[in-house]
Amino acid sequence: MQKITSCLWFDSNAEDAVKFYTSIFRNSKIGTVFRYDEASSQASGQPEGSVLTIEFEIAGIKFLALNGGPVFKFNPSVSFFILVKDEPEIDRLWKKFSDGGKVLMELNKYDWSKKYGWVEDKFGLSWQIILAEGDIKQEIFPSLLFVNSAFGRAEEAIKYYTSVFNNSKIESIYKFPDNENAVMYSDFILDGNLFAAMDGPGEHNFQFNEAISFIIDCNDQTEVDYYWNKFTADGGEESMCGWLKDKFGVSWQITPKILVDMLNDKDANKAKRVMQAMLQMKKINIAEIERAYKGK
């Protein structure tokens, strides 16, 4: 069971993006589509009945696409690695992602890889495509880039995250040859989910924002409380509807499974009451959404 799901914030073209991504990768599919109801439409300004979220999988990895309006934009602070075993496949993927997109690093041979490139696709989402020489444990995984005031904090973040999640470990940390305080590349496991992290030297015109957040699938209120309290401590920032930012500026959604089930209930009135209750919350209170669900 995938514990952490990457949520991608689009303006209003999530459907086009999901169709594009699922057409590219094997073992891909489109899942549940959730639409704006009256309450969520009024809160967001999005048209009632339009697509709110789409669950989808690419290469067996679960994602969620969200139509949230022109509030947040993708940037390279969070990108996704794609590990590829053969050159024809890396060439195919590069052509798909670079068509209408923006090349950040040319597909070429580098010291760390026989073939690697970094590209923003036509939707603005960043991908790092690399020819893998060893076994591939996870074909696609997110990478966090610590820049500007966050530069030099990648190792701190890696150790922090692996202390928060169960079944976690640091796989590797490589430092810059001329700066032992900065991470050139690291990969680590968070409750079975592979992540990467790097420090980005120099000046950059971007930083972490809500365009990409990470949903933690929680079993009960105890888990919700645990992650909420962990991530809002030491400089974290609470937001609405289960969203928060940790002390590094990375966005998370602390979401109980039962909330998703209730929002997808076939009884529109029950789902509406749950949505209205959720929109009033910061941290999700399961007992309160259950009362709303039952109409109490």
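Look a little higher up for the structure.
Computed from a predicted structure; not experimentally measured. (Residues numbered from 1 in each chain as written. Predicted model: local features only at pLDDT ≥ 70, side-chain atom pairs only at ≥ 80, totals over all residues. Heavy atoms only, no water.)

*Asks:* For the pairing of strand 11 (residues 179-190), give the residues involved together with the corresponding values.
*Replies:* In this structure, strand 10 (residues 169-176) lies alongside strand 11, joined through 7 bridges in antiparallel fashion. Across the sheet, Ile173 pairs through a bridge with Ser186, a residue of strand 11. Where strand 10 folds back on strand 11, the antiparallel hairpin that results is connected by 2 residues. Strand direction decides the pairing type here: strand 11 and strand 12 (residues 193-200), joined by 5 bridges, are antiparallel. Paired with Ser186 across the strands is Ala197, a residue of strand 12. (Pairing = 2+ DSSP bridges. Helix = DSSP H or I, 4+ residues; strand = E, 2+ residues; numbered from the N terminus.)

*Asks:* Explain empty space enclosed by the protein to me, using residue names and the numbers behind them.
*Replies:* Considering all chains together, one arrives at 1 cavity of 30 Å³ or more under this definition. Here the largest cavity defines a volume of roughly 40 Å³. Surrounding the largest cavity, Phe74, Asn75, Ser77, Val78, Phe208, Asn209 and Ile212 form its lining. Within the lining of the largest cavity, the residues separate by chemical class into 4 nonpolar, 3 polar and no charged. (1 Å grid on protein atoms, 1.4 Å probe; cavity = no way out; pocket = protein on both sides within 12 Å on 5 of 7 lines; lining within 4 Å. Points joined across faces, edges and corners; volume = space filled by probe spheres on them. Nonpolar A, V, L, I, M, F, W, Y, C, P; charged D, E, K, R; others polar.)

*Asks:* Tell me about the side chain of Asp246, and please be specific about residues and values.
*Replies:* Secondary-structure assignment places Asp246 in the loop between strand 15 (243-245) and strand 16 (251-256). For the buried Asp246, which has no salt bridge, the nearest side chain bearing the opposite charge is Arg153, at an N-O separation of 7.7 Å. Engagement of the side chain of Asp246 in a polar contact is seen with the backbone nitrogen of Phe248, the distance being 2.8 Å. (Buried < 20%, exposed > 50% of the residue type's maximum accessible area, 1.4 Å probe, protein only. Lys, Arg positive; Asp, Glu negative; His and termini not counted. Salt bridge = Lys/Arg side-chain N within 4 Å of Asp/Glu carboxyl O. Polar contact = N/O pair within 3.5 Å; in protein donor to acceptor, adjacent residues only side chain to side chain.)

*Asks:* I'd like to hear about the sheet that holds strand 5 (residues 78-84), residue by residue, with values.
*Replies:* What the 8 strands build is an open sheet, ordered 6-7-8-5-9-12-11-10; its pairing is mixed. In this open sheet, the two edge strands, each paired with only one partner strand, are strand 6 (102-110) and strand 10. With strand direction ignored, the average angle separating the axes of adjacent strands in the sheet is 20°. Relative to strand 8 (residues 126-131), strand 5 is paired through 5 bridges, and the arrangement is parallel. The residue of strand 8 that forms the bridge with Phe81 is Gln128. Strands strand 9 (140-147), strand 10, strand 11 and strand 12 of the sheet are contacted by helix 4 (residues 154-164), whose axis makes an angle of about 25° with strand 11. (Axes fitted to C-alpha atoms, helices over the stretch in contact; angles between N-to-C directions. Contact = heavy atoms within 4.5 Å.)

*Asks:* Any chance you could break down the sheet that holds strand 15 for me, citing the residues and the numbers?
*Replies:* Pairing is mixed across the open sheet formed by 8 strands, whose spatial order is 2-3-4-1-13-16-15-14. Of all the strands in the sheet, the pair left with one neighbour each is strand 2 (29-35) and strand 14 (237-238).

*Asks:* Which residues make up the environment of Leu66, and what values do they have?
*Replies:* In this fold, Leu66 is placed in strand 4 (residues 61-67). Taking relative accessible area as the criterion, Leu66 reaches 9% and is therefore assigned buried. If near-sequence neighbours (up to four positions away) are discounted, Leu66 is found in contact with Cys7, Leu8, Trp9, Phe10, Ala14, Leu52, Thr53 and Trp243.

*Asks:* Describe helix 4, naming the residues involved and giving the relevant values.
*Replies:* When helix 4 is considered as a whole, its buried residues turn out to be Ala154, Ala157, Ile158, Tyr160, Tyr161, Thr162 and Val164. Where helix 4 is buried, its residues touch strand 9, strand 10, strand 11, strand 12, helix 5 (221-232) and strand 16.

*Asks:* So what's going on with the packing of aromatic side chains? Residues and values would help.
*Replies:* In this description, an aromatic ring pair is defined by two values, namely the gap between the centres and the angle between the planes. Evaluation of the coordinates by the stated rule reveals 37 aromatic pairs. Pairing Phe20 with Phe123 gives two aromatic rings, centres 5.8 Å apart and planes at 55°, and the pair type is tilted. Placement of Phe20 in helix 1 (residues 14-24) and of Phe123 in the loop between strand 7 (113-120) and strand 8 is noted, with a sequence separation of 103 residues between them. Residue classification places Phe20 among the buried residues on the basis of a relative accessible area of 12%. The exposure class assigned to Phe123 is buried, which follows from its relative accessible area of 18%. (Phe/Tyr/Trp six-rings, centres within 6.5 Å; stacked < 30°, edge-to-face > 60°.)

*Asks:* Tell me about the side chain of Asn75, and please be specific about residues and values.
*Replies:* Position of Asn75 relative to the elements: it lies in the loop between strand 4 and strand 5. At a separation of 2.5 Å, a polar atom in the side chain of Asn75 contacts the side chain of Ser77. Reaching out from Asn75, the side chain makes a polar contact with the backbone oxygen of Gln207 at a distance of 3.0 Å. Aside from chain neighbours lying at most four places away, what touches Asn75 is Ser126, Phe206, Gln207 and Asn209.

*Asks:* Let's hear about the nonpolar core: which residues, and what values?
*Replies:* Tyr21, Phe97, Trp127, Tyr161, Phe231, Trp252 and Ile254 are the most contacted members of the largest nonpolar core, which has 65 residues in total. Not counting residues within four places of it along the chain, the set of residues in contact with Trp252 comprises Ile4, Tyr161, Phe165, Leu190, Ser213, Phe214, Ile216, Phe231, Gly242, Trp243, Leu244 and Asp246. Leu259, Met278, Ile284 and Tyr293 belong to the second largest nonpolar core, which has 22 residues in total. (Core = buried A, V, L, I, M, F, W, Y, C linked by side-chain atoms within 4.5 Å.)

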